[in-house]
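# Structural overview
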Amino acid sequence: MRKACGRIAWPRRPVFKTVPHPAPTASARRLELIREPGFGRVFTDHMVTIRYSEAMGWHDAVVGRRGPIMLDPAAAVLHYAQEIFEGLKAYRTDDGRVLLFQPQANARRFQRSAARLAMPSLPEALFVEALEQLVRADAAWIPQGDGSLYLRPFMIATEAFLGVKPSSEYLFAIIASPVGSYFKTAAEPLSVWVSEDLSRAGPGGAGAAKCGGNYAASLLAQAEAARRGCEQVVFLDAVERRWVEELGGMNVFFVFDDGSLRTPPLGGTILDGITRSAVITLARGRGLEVREAGYCLADWRDDARTGRLREAFACGTAAVVAAIGQVKTAEGDFAIGDGGEGALTAQLRAQLVDIQRGRSADSHGWTHLVA
Ligand code: PLP
Ligand code: COI
């Protein structure tokens with residue numbers, strides 16, 4: 001419901017209704033499921049849903065039983081892919097607290113993605129409250145040890161209309177999944193395949209938005225990477241096809257023999273990763289130079305051969321910080337260093353994980369206490 005105040009209209013913040021799952025997963029079964037959950041296959045008992053319509057704004061906020069979503073077969077998301085999502089994790093600390101990592105940053109990126117996809121803006125406070133509500137309802141699903149609860153907020157266009165225009169109705173939802181490592185061989189450096197013909201995003205496109213369409217467009221190249229024995233695909237820029245941009249689901253960093261780091265700049269075609277930004281801050285905090293500057297495939301190959309490039313790593317919420325050991329390309333393969341994990345990669349990961357898990361002081365104010 002919109003209320004008028006002089007000439008300004010503002011949406012009322014919806015009050016959450018909680019409808020607990022009538023028969024939640026038995027604790028013995030839950031503990032079995034979260035012991036070695038892998039990534040993204042195990043789900044908790046609850047979900048959050050909030051509806052949006054042009055007439056009512058955000059309304060009907062519910063924490064309820066997780067289950068299928070009813071959609072009209074003409075719903076706009078099914079035809080024109082008006083969909084965005086986020087990814088962040090809840091951690092259980094050694095002393096039993098529950099922390100989120102920079103949920104406000106995910107809220108703001110969700111707003112930017114929404115703007116690019118002509119979707120309504122979900123207020124930052126409502127996004128964060130929805131996360132807190134779900135994490136509290138499903139706190140028992142947060143794995144101990146190295147695991148975490150991966151949270152997947154998303155928004156879909158639900159108006160039943162086949163004309164091509166922004167939908168007038170949306171569903172925002174959050175589901176939760178207890179996770180371990182994203183990669184099957186967590187301790188091994190990654191092999192990556194450089195896609196030189198298939199692009200992920202171009203200038204003026206939606207590459208900086210976290211929308212499902214970007215991932216759909218990446219799947220053929222990701223499947224090619226898998227066929228070549230690689231865990232991830234590396235995308236190059238779509239114009240010159242030589243500048244390294246990012247991986248299918250992660251940002252990328254390079255570490256040189258003078259101790260400096262480089263990561264591709266945010267130019268609208270890559271995702272503004274929250275882990276990327278944290279890594280830049282942590283590395284600069286160590287007194288290291290970090291350049292946000294282009295790096296081309298030819299230099300990557302040459303620098304790896306001469307030893308000027310010492311380390312390379314991928315980073316993202318799901319992947320955390322993962323060393324890249326082997327690079328495969330149509331012109332041949334090359335290794336980074338001795339193909340093992342570099343020292344700085346390991347140090348940055350440990351530093352980040354210790355903050356995320358509340359094991360070390362959070363001088364940047366990145367963690368958000370939920371319980
Ligand atoms: N780039 C892409 C394409 C991604 O899917 C992700 C993961 O969310 C990232 C980068 C890293 O972003 P973040 O660190 O915010 O998870
Ligand atoms: C994330 O890290 O949250 C992502 O969305 C990337 C995907 C590989 C799961």
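Residues numbered from 1 in each chain as written. Chains lettered and ligands numbered in written order. Predicted model: local features only at pLDDT ≥ 70, side-chain atom pairs only at ≥ 80, totals over all residues. Heavy atoms only, no water.

Further remarks concern the domain arrangement of the protein. Here the domain parsing of the protein yields domain 1 (2–179) and domain 2 (190–356). Of note, the centres of domain 1 and domain 2, computed from C-alpha atoms alone, are 28 Å apart. Facing 20 residues of domain 1, the contacting portion of domain 2 comprises 18 residues. Summing both partners gives a buried area of about 1600 Å² for domain 1 against domain 2, and 62% of it is carried by carbon and sulfur. Interface area lost by domain 1 to domain 2 is led by F85, F101 and R109, which between them contribute 37%. Run the count over domain 1 and domain 2 and you get 1 salt bridge. Looking at the side of domain 1 that touches domain 2, the elements with two or more residues in it are β6 (83–85), β7 (88–92), β8 (98–101) and α3 (103–116). Ranked by the residues each element gives to the side of domain 1 that touches domain 2, the list is headed by α3, at 6 residues. (Domains from an automatic or database assignment. Contact = heavy atoms within 4.5 Å. Buried area = accessible area lost by both parts, 1.4 Å probe. Salt bridge = Lys/Arg side-chain N within 4 Å of Asp/Glu carboxyl O. Helix = DSSP H or I, 4+ residues; strand = E, 2+ residues; numbered from the N terminus.)

With 52 residues, the main nonpolar core has I50, L151 and F172 as its most contacted residues. Each of two domains, domain 1 (2–179) and domain 2 (190–356), supplies a minimum of three residues to this core. Setting aside its immediate chain neighbours within four residues, L151 contacts E86, G87, L88, K89, A90, L100, L131, L134, V135, I175 and A176. Ranked by size, the runner-up nonpolar core spans 25 residues in total, among them V244, A322, V327 and F334. (Core = buried A, V, L, I, M, F, W, Y, C linked by side-chain atoms within 4.5 Å. Buried < 20%, exposed > 50% of the residue type's maximum accessible area, 1.4 Å probe, protein only.)

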